[in-house]
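So you can see what is in the structure, the chains are spelled out below.
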Amino acid sequence: MMNTIKSKVIILCSSFFLLGIPSLSTAQTSIFSKQNTAQKEWVGQSAPDFKLQDQSGKWHTLNQYKGKWIVLYFYPKDDTAGCTQEANQFKSLYPQFLKSNAVVLGVSLDDVASHQKFSQKLGLPFPILADEKGELAGKFGIVRNLGITKIAKRESFLINPQGAIMYHYTSVNTQTHADQVLKDLKDTQNK
């Protein structure tokens, strides 16, 4: 009797497990499909216009960078481990971006004062823009709600000199992302 009950429990658990696998696969496929769809939605589209202040209080607009490549990288929060690592990677490669006629613009929902401290601490040579109200991140659809706090998802866009988005990076490794963007920029320019 006990063996029969154990057998039925094992069969029942196995059935749940097997039934769960297709659901998991579907969920994973769905996640990747959404990322690919997001990538396809932006590539070839005109970048949304913006007017935001940097860490020095200077205003920046999309239009002032016509004729240059723009690396617009969104990050969640100043002075956090991943965001510091990503900013330092862009900092170390910044001279190469400049040689490639590109500007690097970091963006988060932190305010100007926070950006000023973060930029000074790291010695960042490029602007980081304060999107305090989440307007630009909202236009790109990358605002994440964390309870009462909102942050920008860690995503990046490579914009050509005419203002069209050439790449949308939805999966960012903070250790290698700047290098990948630089490689893609150079490859695109050499085509």
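Residues numbered from 1 in each chain as written. Predicted model: local features only at pLDDT ≥ 70, side-chain atom pairs only at ≥ 80, totals over all residues. Heavy atoms only, no water.

Caption draft 1: Region of the structure containing the overall build of the protein chain. Along the backbone of the protein chain there are five helices and nine strands. Counting across all 191 residues of the protein chain, residues that qualify as buried make up 40%. Within the protein chain, counting contacts between residues at least 6 apart in sequence, those at least 24 apart form 65% of the total. Summing over all exposed atoms, the protein chain offers an accessible surface of approximately 10900 Å²; the carbon and sulfur share of this is 55%. (Helix = DSSP H or I, 4+ residues; strand = E, 2+ residues; numbered from the N terminus. Buried < 20%, exposed > 50% of the residue type's maximum accessible area, 1.4 Å probe, protein only. Contact = heavy atoms within 4.5 Å. Areas by Shrake-Rupley, 256 points an atom, 1.4 Å probe, with all protein chains shown as cover.)

Caption draft 2: Inspection of the nonpolar core at higher detail. The biggest cluster of nonpolar side chains holds 24 residues, and the ones touching the most others in it are Tyr73, Phe90, Phe97, Val104 and Phe126. For this core, the leading source of residues is helix H2 (residues 81-99), giving six residues. The next biggest cluster of nonpolar side chains, apart from the first, holds 22 residues, and it includes Phe74, Val107, Leu136 and Ile142. (Core = buried A, V, L, I, M, F, W, Y, C linked by side-chain atoms within 4.5 Å.)

Caption draft 3: Main features of empty space enclosed by the protein. Taken as a whole and judged by the stated rule, the model has one cavity of 30 Å³ or more. Of the voids in this model, the largest cavity is the one considered here, and its volume is about 40 Å³. Together, Leu62, Tyr65, Lys66, Lys68, Ile70, Ile159, Asn160, Pro161, Gln162 and Gly163 line the largest cavity. Broken down by class, the residue content of the lining of the largest cavity amounts to five nonpolar, three polar and two charged. (1 Å grid on protein atoms, 1.4 Å probe; cavity = no way out; pocket = protein on both sides within 12 Å on 5 of 7 lines; lining within 4 Å. Points joined across faces, edges and corners; volume = space filled by probe spheres on them. Nonpolar A, V, L, I, M, F, W, Y, C, P; charged D, E, K, R; others polar.)

Caption draft 4: Main features of helix H3 (residues 112-122). All buried positions along H3 are accounted for by Val112, His115, Phe118, Ser119 and Leu122. Angular distribution of buried residues about the axis of H3 spans 125°; they occupy a single face of the element. Facing away from the buried side of H3 by over 90 degrees, the exposed positions are Lys117, Gln120 and Lys121. For H3, the elements touching its buried residues are strand S1 (51-53), H2, strand S4 (102-108) and strand S5 (128-130). (Arc of directions from axis to C-beta.)

Caption draft 5: Layout of H2. With 19 residues, H2 should reach 27 Å at 1.5 Å per residue; the first-to-last C-alpha distance of 28 Å fits that figure. At Leu93, H2 is deflected by roughly 55°, the largest bend along its length, and proline Pro95 occurs up to four residues later in sequence. Taken residue by residue, H2 has Cys83, Thr84, Glu86, Ala87, Phe90, Leu93, Tyr94 and Phe97 as its buried positions. Positive phi shows up at Asn101, right after H2, with a value of about 60°. (Expected span 1.5 Å × (residues − 1). Bend = angle between axes of the 7 residues up to and from the residue.)

Caption draft 6: The arrangement of the packing of aromatic side chains in detail. Under the defined criterion, the tally for this structure stands at 10 aromatic pairs. Ring geometry for Tyr167 versus Tyr169: centroids 5.7 Å apart, planes at 15°, classification stacked. Judged by relative accessible area, which is 22%, Tyr167 ranks as partly exposed. Taken together, the aromatic side chains of Tyr73, Tyr75, Phe90, Tyr94, Phe97, Phe118 and Phe126 make up a single cluster linked through ring pairs. (Phe/Tyr/Trp six-rings, centres within 6.5 Å; stacked < 30°, edge-to-face > 60°.)

Caption draft 7: Broad picture of the environment of Ile159. Of note, Ile159 is situated in strand S8 (residues 156-159). Residues Ile159 and Gly44 lie 115 residues apart in sequence; the distance between their C-alpha atoms is 9.3 Å. Contact partners of Ile159, with chain neighbours within four places excluded, come to Ala47, Lys68, Trp69, Ile70, Leu72, Ala164 and Ile165.

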